[in-house]
Amino acid sequence: MKIFNTKEIYEADKFTLERQQISAEDLMEKAAVQIFNWMHTRLNGDQTQIYIFCGVGNNGGDGLVLARHLVQHGYRVTVCVVNFNEHRSKEFLINLDRLKEAKVWPKFLGESSIIPQLEKEAIIVDAIFGIGLKRAVAPWVLEVFREINKSNAFVLSIDIPSGLFMDHKVPNNDEAVKSSYLLSFQVPKLIFFLPDTGLFLDQWELLDIGLDTDFLMHAPSDYELIGKAEVLPFYRPRTKYTHKGTYGHVLIIGGSYGKIGAVLMAAKGSLYAGSGLVTAFVPKCGLVPLQSAFPELMVLTDINETEITNIDFNFTPTVIGIGVGMGTGTNAVKAFSLFLKNNKTPLVIDADGLNILAKNPDLFSDLPPQTVLTPHPKELERMLGKWKNDFDKLIKTKEFSKKHDCIVVIKGAHTITVYGDKGYVNSTGNPGMATGGSGDVLTGVITGLLAQGYATLEAAVFGVYLHGRAADIAIRECGFQALVATDIIAHLGKAYLDLFVDQVNSLQDEQA
Ligand SMILES: NC(=O)C1=CN([C@@H]2O[C@H](COP(=O)(O)OP(=O)(O)OC[C@H]3O[C@@H](n4cnc5c(N)ncnc54)[C@H](OP(=O)(O)O)[C@@H]3O)[C@@H](O)[C@H]2O)[C@@H](O)CC1
Ligand SMILES: [K+]
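All values reported here derive from a predicted model rather than from experimental measurement. As a convention, each chain's residues are numbered from 1 in the sequence order in which they are written. To read the labels, note that chains go from A and ligands from 1, taken in the order they are written. Under the rules for a predicted model, residues below a pLDDT of 70 receive no local features and side-chain atom pairs below 80 are neither given nor counted, while totals for whole chains, interfaces and linings still include all residues. Heavy atoms throughout the structure, all of them, feed into the side-chain values; hydrogens and water do not.

### Observations regarding the overall build of the protein
By the criteria applied, helices consist of DSSP H or I runs no shorter than four residues and strands consist of E runs no shorter than two, each listed in order from the N terminus. Helix and strand content of the protein: 19 helices and 18 strands. Using a 1.4 Å probe on the protein chains alone, a residue whose accessible area is under 20% of its type maximum counts as buried, one over 50% counts as exposed, and one in between counts as partly exposed. The proportion of buried residues among the 512 residues of the protein is 56%. In this analysis, two residues are considered to be in contact whenever any of their non-hydrogen atoms come within 4.5 Å of each other. Counting only contacts in the protein whose residues sit at least 6 apart along the sequence, the fraction spanning at least 24 positions is 72%. Throughout, the Shrake-Rupley method with a 1.4 Å probe supplies accessible areas, and for residues the shown protein chains are the sole cover considered. As presented, the protein carries roughly 22,400 Å² of accessible surface, and 53% of it is formed by carbon and sulfur atoms. Distance from the positive charge centre (48 side chains) to the negative charge centre (57 side chains) of the protein: 2 Å. Note that His is not counted, nor are the chain ends; the positive residues are Lys and Arg, and the negative ones are Asp and Glu. Charged side chains are reduced to one point each, which is NZ for Lys, CZ for Arg, CG for Asp and CD for Glu.

In structure tokens, the structure reads:
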């Protein structure tokens with residue numbers, strides 16, 4: 001599903017109005033009625049006090065329309081207009097008149113107004129700012145946000161939590177509304193998925209307000225949210241007369257004394273993702289543990305007992321995953337640098353491979369085209385330098401990706417895979433994955449997909465999805481705390497099978 005920025009949403013809006021021959025106020029009515037229906041279905045006439053805080057742009061207009069419908073259906077509503085701007089939008093003004101016609105008189109809040117006491121049993125609707133916030137918010141308006149946050153009431157935000165900017169600047173902790181639930185129009189927004197801004201919302205849901213489907217389908221977007229519908233077309237079924245050679249041969253290079261487990265997990269991840277053969281190249285100390293723990297794996301060893309010193313193998317792998325558990329000592333750096341100079345095979349680089357690259361940036365020019373790099377935030381920072389906020393981080397990652405022709409998988413709660421100007425935001429995964437080794441497994445899964453012939457970007461995006469989905473399935477049995485990286489491997493098969501379970505059936509299964 002596409003993630004649109006502000007400009008693209010306004011364009012979708014304009015296109016829809018022209019194509020459907022409707023006015024902006026008609027679209028606002030349609031949007032706000034959806035919110036009313038959502039609330040009415042759940043509240044069923046309940047007399048809980050509802051405060052609706054409206055700005056004076058169209059987000060505020062949505063709030064006014066909602067207020068009118070709630071009042072007309074007998075709800076207890078107080079409307080507060082946060083009068084932050086002399087200029088009020090046309091649709092806001094039309095709906096202010098309509099509200100007055102319905103005999104509802106909003107309280108107008110200005111710089112010196114007293115904000116009503118907000119009881120924690122109340123419902124607060126946050127319709128102060130939407131996607132149109134452009135400049136720093138006035139201190140007294142920030143005070144309104146703080147009062148809302150302090151109330152501990154249920155906060156339903158419309159479109160986005162007020163105070164968040166769509167594409168720059170991250171507010172301080174209390175300088176935007178914290179939503180308990182967010183109802184957003186038509187398309188997800190990038191801010192829902194970034195660690196800096198995602199903190200301001202708990203749960204979100206999209207409401208279809210009828211924006212033009214042709215536009216939504218064909219307009220380009222800088223980001224895409226990756227769910228089952230997006231990865232399913234990537235899936236390659238296996239055919240009958242194939243053999244292990246058809247599905248490629250992965251080589252995992254890494255490990256050092258005490259860190260052989262990382263190689264084991266990456267190698268297992270590759271095989272469980274479906275590669276035909278997997279070989280590990282490790283220091284000598286890795287031979288026995290790997291062979292005894294995982295008989296399907298073939299093992300080659302370095303001449304050195306405890307660390308990699310000379311990467312030498314006598315076959316041509318389809319793809320190489322390098323870096324896990326490898327260490328960053330002088331020997332490893334030398335071996336890795338020499339390997340990069342001579343290598344022509346597609347690469348996935350993780351962990352210490354990334355740390356070595358960060359310290360020796362001249363090595364980036366030795367990477368084959370479309371190398372996949374899988375940094376966690378600290379590794380990314382070592383490669384890019386510090387960033388101001390998540391928006392800046394993405395801009396820098398895109399520049400980096402273009403400069404070095406590499407695919408950067410920024411690992412996190414919503415892993416974002418960046419290639420050139422485009423970012424793919426993953427929707428699967430859970431906090432249980434914050435555990436040692438889950439990154440090694442991801443390296444394995446992506447190499448496993450590459451070995452089977454998936455295009456590089458597809459392998460990265462699909463691999464991230466499968467890895468998260470396997471963990472989502474695993475936590476049904478073990479919960480967040482007890483999930484370990486090998487559980488992710490063990491559930492990769494179920495993640496594949498789940499691709500073919502439709503949403504309704506999978507919900508029924510979960511409820512059973
Ligand atoms: N297609 C859709 O998805 C639909 C979207 N809809 C809704 O419209 C919302 C977008 O509406 P919007 O463009 O009027 O922006 P919104 O955030 O309400 O207001 C910002 C206003 O404040 C101003 N302003 C900016 N910064 C400021 C500041 N710091 N301090 C003070 N003022 C500031 C700025 O005006 P300016 O002064 O810049 O002229 C602007 O007028 C969207 O989120 C959704 O809820 C639906 O109605 C229908 C279909
Ligand atoms: K809002």
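### Description of the site of ligand 1
If you check the shell around ligand 1, you find 24 residues, and the closest are Tyr10, Asp62, Asn85, Gly130 and Asp159. N or O atoms within 3.5 Å of each other form a polar contact, as long as, within protein, one can give a hydrogen and the other can take it, and as long as residues adjacent in sequence are counted only when both atoms are side-chain atoms. One of the side-chain N or O atoms of Asn85 is found 2.7 Å from an oxygen atom in ligand 1. Here an oxygen atom of ligand 1 sits 2.6 Å away from a polar atom, N or O, in the main chain of Gly130. Surface burial for ligand 1 is 88%, taken as the share of its 930 Å² of free accessible area covered by protein chains. Near, as used in this document, describes a residue that has one of its heavy atoms within 4 Å of the molecule or strand being considered.

### Some thoughts on the coordination of the potassium ion (ligand 2)
Think of the donor list as every N, O and S atom within 2.8 Å of the metal, or within 3.2 Å for Na, K and Ca; water never makes the list, so a site can look incomplete. Around the potassium ion (ligand 2), the protein contributes the donor atoms Asn59 (OD1), Asp126 (O), Phe129 (O), Ile158 (O), Ile160 (O) and Ser162 (OG), which lie 2.6 to 3.0 Å from the metal centre. Each of the 6 donor atoms around the potassium ion (ligand 2) contributes to a set of angles spanning 66 to 176 degrees, which defines the coordination as irregular. Each donor residue of the potassium ion (ligand 2) belongs to the same chain, and together they define the spacing N-x66-D-x2-F-x28-I-x1-I-x1-S. The exposure class assigned to Ser162 is buried, which follows from its relative accessible area of 0%. Just to be clear on the cut-offs, tetrahedral is four donors with all angles between 85 and 135 degrees, square planar is four donors and octahedral six with opposite donors over 155 degrees apart and all others between 65 and 115, and anything else goes down as irregular.

### Let's talk about the packing of aromatic side chains
Paired rings are identified among Phe, Tyr and Trp, the last through its six-membered ring, by centres lying within 6.5 Å, and are further divided according to the angle between planes into stacked (under 30 degrees), edge-to-face (over 60) and tilted (the rest). In this structure the tally under the stated criterion is 15 aromatic pairs. With a centroid separation of 4.2 Å and an interplanar angle of 25 degrees, the aromatic rings of Phe84 and Phe129 are classed as stacked. Remark: Phe129 occurs in the loop between strand 5 (123-127) and helix 5 (139-150) and Phe84 occurs in the loop between strand 3 (77-82) and helix 4 (90-101); sequence separation between them is 45 residues. Note on Phe192 and Trp204: the rings are 5.4 Å apart at their centroids and 40 degrees apart in plane angle, and the pair reads as tilted. Placement of Phe192 in the loop between strand 7 (179-185) and helix 6 (195-198) and of Trp204 in strand 8 (residues 201-207) is noted, with a sequence separation of 12 residues between them. Among the aromatic residues, those joined into a ring-pair cluster are Phe234, Tyr235, Tyr454, Phe462, Tyr496 and Phe500. Over a ring means this: the NZ of a Lys or the CZ of an Arg is within 6 Å of the ring centre and within 35 degrees of the ring normal. Residue placement shows Arg42 over the ring face of Trp38; its charged tip is 4.0 Å from the ring centre. The ring of Tyr247 carries the charged tip of Arg238 above its face, separated from the ring centre by 3.6 Å.

### Describing the domain arrangement of the protein
Domain extents, as shown, originate in an automatic or database domain assignment. Partitioning the protein into structural domains gives domain 1 (2-220) and domain 2 (231-511). Listed as interface residues are 14 residues of domain 1 and, on the opposing side, 8 residues of domain 2. Accessible-area loss on putting two parts together, using a 1.4 Å probe and summing over both, is the definition of buried area adopted here. A combined buried area of about 840 Å² lies between domain 1 and domain 2, and 74% of that area is made up of carbon and sulfur atoms. The salt bridge definition used is simple: a Lys or Arg side-chain nitrogen within 4 Å of an Asp or Glu carboxyl oxygen. For the pair domain 1 and domain 2, the interface holds 0 salt bridges. Remark: the boundary between domain 1 and domain 2 carries 1 residue pair in polar contact (both at pLDDT 80 or more). If you tally residues by element for the side of domain 1 that touches domain 2, the top one is helix 6, at 3 residues. Under the scheme applied, nonpolar residues are Ala, Val, Leu, Ile, Met, Phe, Trp, Tyr, Cys and Pro; charged residues are Asp, Glu, Lys and Arg; polar residues are all the others, including Gly. Grouping the constituent residues of the side of domain 1 that touches domain 2 by class yields 9 nonpolar, 2 polar and 3 charged.

### Notes on the packing of helix 2 (residues 24-43) against helix 3 (residues 58-72)
For the pair helix 2 and helix 3, interaxial distance at closest approach is 8 Å and the crossing angle is 55 degrees. In terms of their interaxial angle, helix 2 and helix 3 are classed as oblique. Two packed elements cross with a definite hand, and for helix 2 against helix 3 that hand is right-handed. In this structure, helix 2 contributes Met28, Glu29, Ala32, Val33, Ile35, Phe36 and Met39 to the contact, and helix 3 contributes Asn58, Gly61, Asp62, Val65, Leu66, Arg68, His69 and Leu70. Across the contact of helix 2 with helix 3, the residue classes break down as 9 nonpolar, 3 polar and 3 charged. Angles shown run from 0 to 180 degrees and are taken between the N-to-C directions of axes, each axis being a line fitted to C-alpha atoms and, for helices, limited to the stretch in contact. For this classification, under 35 degrees means roughly parallel, over 145 means roughly antiparallel, 65 to 115 means roughly perpendicular, and everything else is oblique. Should the near helix be turned anticlockwise from the far one by less than a right angle, the crossing is left-handed, and should it be turned clockwise, the crossing is right-handed.

### As for the UniProt feature "binding site: K(+)" (unreviewed entry) in the protein
UniProt positions are given in the numbering used here, feature names are shortened, and annotations may be inferred rather than shown by experiment. Residues annotated by UniProt as "binding site: K(+)" (unreviewed entry) correspond here to Asn59, Asp126 and Ser162. In three dimensions, the annotated residues from a span of 104 residues occupy one location, with a maximal C-alpha spread of 9.2 Å. Along the polypeptide, Asn59 turns up in helix 3. Apart from the residues within four sequence positions on either side, Asn59 is in contact with Asp126, Ala127, Ile128, Phe129, Gly130, Ile158, Asp159 and Ser162. With respect to the helices and strands, the residue Ser162 is situated in the loop between strand 6 (154-158) and strand 7.

### Some thoughts on helix 14 (residues 390-404)
Given the number of residues in a helix, its expected span is that number minus one, multiplied by 1.5 Å. The end-to-end C-alpha separation of helix 14 is 21 Å, in line with the 21 Å expected for 15 residues at 1.5 Å each. Of the residues making up helix 14, those classed as buried are Asp390, Phe391, Asp392, Lys393, Leu394, Thr397, Lys398, Phe400, Ser401 and His404. Where helix 14 starts, the residue carrying a side-chain oxygen 3.0 Å from the main-chain nitrogen of Phe391 turns out to be Asn389. Looking one or two residues past helix 14, Asp405 carries a phi angle of roughly 45 degrees, positive in sign.

### A few points about unusual backbone geometry
A negative phi angle characterises most non-glycine residues, just as the trans form characterises most peptide bonds. Non-glycine residue Gln370 carries a positive phi angle of around 55 degrees. When its relative accessible area of 28% is taken as the criterion, Gln370 is described as partly exposed. Even without a glycine there, the phi angle at Asp405 is positive, about 45 degrees. On the basis of relative accessible area, Asp405 is assigned to the partly exposed category, the value being 27%.

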